[in-house]
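As a plain string of letters, each chain reads:
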Amino acid sequence: MLSGKKILLGVTGGIAAFKAASLTSKLVKEGAEVRVIMTRSATKFITELTLQALSKNFVYTDTFDEKHPESISHINLADWADLVLVAPATANIIAKMAAGIADDMLSTTLLATQAPIMVAPAMNVHMYEHPAVVRNMAELVERGVMMIEPGEGLLACGYTGKGRMEEPESIAAVVNGYFARQAKRADKPLAGKKVVVTAGGTVERIDPVRYITNDSSGKMGFAIAKAARELGADVKIIAATTQAQPPAGISLTRVSSAQEMYEAALREWDDTDIMVKAAAVADYRPKETAPNKIKKTGDSLVLELVKNIDILETLGKQKTTQLLIGFAAETENLEQHAMDKLKRKHCDLLVANDVTAEGAGFGAETNIVNVYDANGLVDSLPRLAKDEVGMRIMELAAGRLKGTGR
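Residues numbered from 1 in each chain as written. Predicted model: local features only at pLDDT ≥ 70, side-chain atom pairs only at ≥ 80, totals over all residues. Heavy atoms only, no water.

Quick notes on the overall build of the chain
Piece 1. Check the secondary structure of the chain and you find 13 helices and 20 strands.
Piece 2. Here the C-alpha coordinates of the chain stretch approximately 75 × 50 × 40 Å along the principal axes.
Piece 3. Expressed as a percentage of the 406 residues in the chain, the buried residues total 51%.
Piece 4. Excluding contacts between residues fewer than 6 apart, the proportion of contacts in the chain whose partners are at least 24 apart in sequence is 66%.
Piece 5. With 48 positive and 50 negative side-chain charges, the chain shows a spacing of 2 Å between the two charge centroids. (Helix = DSSP H or I, 4+ residues; strand = E, 2+ residues; numbered from the N terminus. Buried < 20%, exposed > 50% of the residue type's maximum accessible area, 1.4 Å probe, protein only. Contact = heavy atoms within 4.5 Å. Lys, Arg positive; Asp, Glu negative; His and termini not counted. Charge placed at Lys NZ, Arg CZ, Asp CG, Glu CD.)

Here it is, written out as structure tokens:
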């Protein structure tokens, strides 16, 4: 997958900089064209000559050292790259990226590029866990920067823990996987397929001014809809209450209650290829909805609730050729609850997340999910931007339609 790919490698000043030599060699052997930018600190750990010899290209360290007078180097490199890979990425460069600081060749180029960016953090375990670093990495993930999580083990500082840069072979495999996914996406595997996505939180009225709902923002459902469209599908969204802006250019049906959502889904069901139930549907509704505002008359108010129709289970029992994907927002025993829900509701895939985990709750720009089928765990996704999570889910769905299993 790397043949002919243009990879800009940023090397920063950590002890793991020595691994950049092996990483450069690995990428070049797999067919990539590699150009390297080193920070001044990185040159204290490994020489420019080493990476120049391995990459067969000039190594850049100084913003003002223009090697080609006909172009501005950092702009030319930013435009040239198919992928920018920063490995190792110190806490310092991660902070610069998060804050938009451009005070050297690498940080300036990172600010100028529109290529996808991949980062392999490397630092002391306490630095990696510091709230500022955690915040900065979360900010970058929300912007779509891809993180290659560091490994655990004995660090150069003597501590044992998380913070060791992933090995060059593993990083090269991640890069290969990224370009493989890009190639599949370009093939439009869902062309000619109809995908229906539900999103947001349903509303169950108590009276004209009060209702029962939940914290769903609709962001995950909208991200899935965008991914399905990018993969070539004809997409329809059925959305209840949302805090996010629905994607432009996709057919949108607005509903309020669980019953309305069920009726809208049922109208689309027969000719649907993939139904993704990302909406958070209320399990219960008031037995009676007051026609006028309920006045305060005492110290307590008793509401009798009755069960709503279970849209996912109902459709699951009816499905013939449709691929049905459900969601489970959990707070404990994630796998147990997810597998139970998948089987009871006859889903083909079930996407589960722990909404108490940082970066995975309602309204967040990121998510951390596990995907299950009848045989168990299919995929476990680390914290990623919801757009990327949506794309991974739809790629799995596309593979199931084609019978590839993944």
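Back to the write-up after that little detour.
Thoughts on the packing of helix H3 (residues 73–80) against helix H5 (residues 105–112)
Piece 1. Running from N to C, H3 and H5 cross one another at 50 degrees; their axes reach a closest spacing of 8 Å. In this view, H3 runs oblique relative to H5, as classed from their interaxial angle. You can see that H3 and H5 cross each other, and the crossing is right-handed. Here Ser73, His74, Ile75, Leu77 and Ala78 of H3 come into contact with H5, specifically with Met105, Thr108, Thr109 and Ala112. (Axes fitted to C-alpha atoms, helices over the stretch in contact; angles between N-to-C directions. Parallel < 35°, antiparallel > 145°, perpendicular 65-115°, else oblique. Left-handed = near helix turned anticlockwise from the far one by under 90°.)

Notes on H5
Piece 1. Counting buried positions along H5 gives six out of eight residues, so the element sits mostly inside the fold.
Piece 2. Residues of H5 that are buried include every one of Met105, Leu106, Ser107, Thr108, Thr109 and Leu110, and no others.

Quick word on the pairing of strand S14 (residues 274–277)
Piece 1. Neither face of S14 is open: one carries Ile274 and Val276, the other Met275 and Lys277, and all of them are buried.
Piece 2. Pairing analysis gives four bridges linking strand S9 (residues 194–199) to S14, with the strands arranged parallel. Among the inter-strand pairings, valine 196 is bridged to a residue of S14, identified as methionine 275.
Piece 3. Bridging between S14 and strand S17 (residues 323–330) involves four bridges; their strand directions are parallel. Bridging across to S17, valine 276 finds its partner in isoleucine 325. (Pairing = 2+ DSSP bridges.)

Brief notes about the nonpolar core
Considering soluble globular proteins, one finds that nonpolar side chains tend to be buried as a cluster.
Piece 1. Counting 38 residues, the largest nonpolar core has Ile224, Ile274, Ile325 and Met394 as the members making the most contacts within it.
Piece 2. Leave out the neighbours within four places in its chain, and isoleucine 325 touches Ile274, Met275, Val276, Lys277, Leu312, Leu349, Val351, Ile393 and Ala397.
Piece 3. Within the second largest apolar cluster, 32 residues are counted, among which are Ile7, Leu23, Ala42 and Val59. (Core = buried A, V, L, I, M, F, W, Y, C linked by side-chain atoms within 4.5 Å.)

As for the sheet that holds S14
Piece 1. The strand order S13-S12-S9-S14-S17-S18-S19-S20 describes an open sheet built from eight strands, whose pairing is mixed. Strands at the two margins of the open sheet, each flanked by one partner only, are strand S13 (251–254) and strand S20 (376–385). Neighbouring strand axes in the sheet, compared pairwise and without regard to direction, differ in orientation by 20 degrees on average.
Piece 2. As judged from the three bridges shared by strand S18 (residues 349–354) and strand S19 (residues 366–373), these two strands associate in the antiparallel manner. Among the inter-strand pairings, alanine 352 is bridged to a residue of S19, identified as asparagine 370.

Structural notes on the packing of aromatic side chains
Piece 1. Counted according to the given criterion, the structure contains one aromatic pair.
Piece 2. Note on tyrosine 178 and phenylalanine 179: the rings are 5.1 Å apart at their centroids and 70 degrees apart in plane angle, and the pair reads as edge-to-face. As far as the burial class goes, tyrosine 178 and phenylalanine 179 line up, both buried.
Piece 3. We note arginine 35 situated over the ring of tryptophan 80; from NZ or CZ to the ring centre the distance is 4.3 Å. (Phe/Tyr/Trp six-rings, centres within 6.5 Å; stacked < 30°, edge-to-face > 60°. Lys NZ or Arg CZ within 6 Å of the ring centre and 35° of its normal.)

Describing the domain arrangement of the chain
Piece 1. Taken as a whole, the chain is organised into domain 1 (6–187) and domain 2 (194–404).
Piece 2. Summarising the inter-unit geometry, the C-alpha centres of domain 1 and domain 2 are found 37 Å apart.
Piece 3. On the side of domain 2, 13 residues touch domain 1, which itself brings eight residues to the contact.
Piece 4. Of the roughly 920 Å² buried where domain 1 meets domain 2, counting both sides, 54% is carbon and sulfur surface. (Domains from an automatic or database assignment. Buried area = accessible area lost by both parts, 1.4 Å probe.)

Comments concerning the UniProt feature "binding site: CTP" (unreviewed entry) in the chain
Piece 1. Following the UniProt record, one finds the feature "binding site: CTP" (unreviewed entry) at Asp283, Lys293, Phe327, Lys341 and Lys345. What stands out for the annotated residues spanning 63 residues is how far apart their C-alpha atoms range, the widest pair being 36.9 Å apart.
Piece 2. One can find lysine 293 in the loop between strand S15 (284–286) and strand S16 (305–307).
Piece 3. Excluding anything up to four places from it in sequence, lysine 293 contacts Asp207, Pro208, Val209 and Arg210. (UniProt positions renumbered as here; feature names shortened; annotations may be inferred.)

Topic: the pattern of salt bridges
Piece 1. Evaluation of the coordinates by the stated rule reveals 22 salt bridges.
Piece 2. Where lysine 26 meets glutamate 30, a salt bridge forms, and the shortest distance between an N and an O atom there is 3.8 Å.
Piece 3. On the accessibility criterion, lysine 26 (32% relative accessible area) is partly exposed.
Piece 4. Judged by relative accessible area, which is 29%, glutamate 30 ranks as partly exposed.
Piece 5. With a closest N to O distance of 2.6 Å, lysine 194 and glutamate 268 form a salt bridge. Placement of lysine 194 in strand S9 and of glutamate 268 in helix H10 (residues 258–269) is noted, with a sequence separation of 74 residues between them.
Piece 6. Accessibility expressed as a relative area gives 18% for glutamate 268, which makes it buried.
Piece 7. Each of the salt bridges in this network shares a partner with another, and the network as a whole consists of Arg185, Glu388, Arg392 and Glu395. (Salt bridge = Lys/Arg side-chain N within 4 Å of Asp/Glu carboxyl O.)

Thoughts on the UniProt feature "domain: DNA/pantothenate metabolism flavoprotein C-terminal" (unreviewed entry) in the chain
Piece 1. As annotated by UniProt and renumbered to match this structure, "domain: DNA/pantothenate metabolism flavoprotein C-terminal" (unreviewed entry) occupies residues 190–396.
Piece 2. As annotated, residues 190–396 has a helix share of 26% and a strand share of 31%, and its two end C-alpha atoms lie 11 Å apart.

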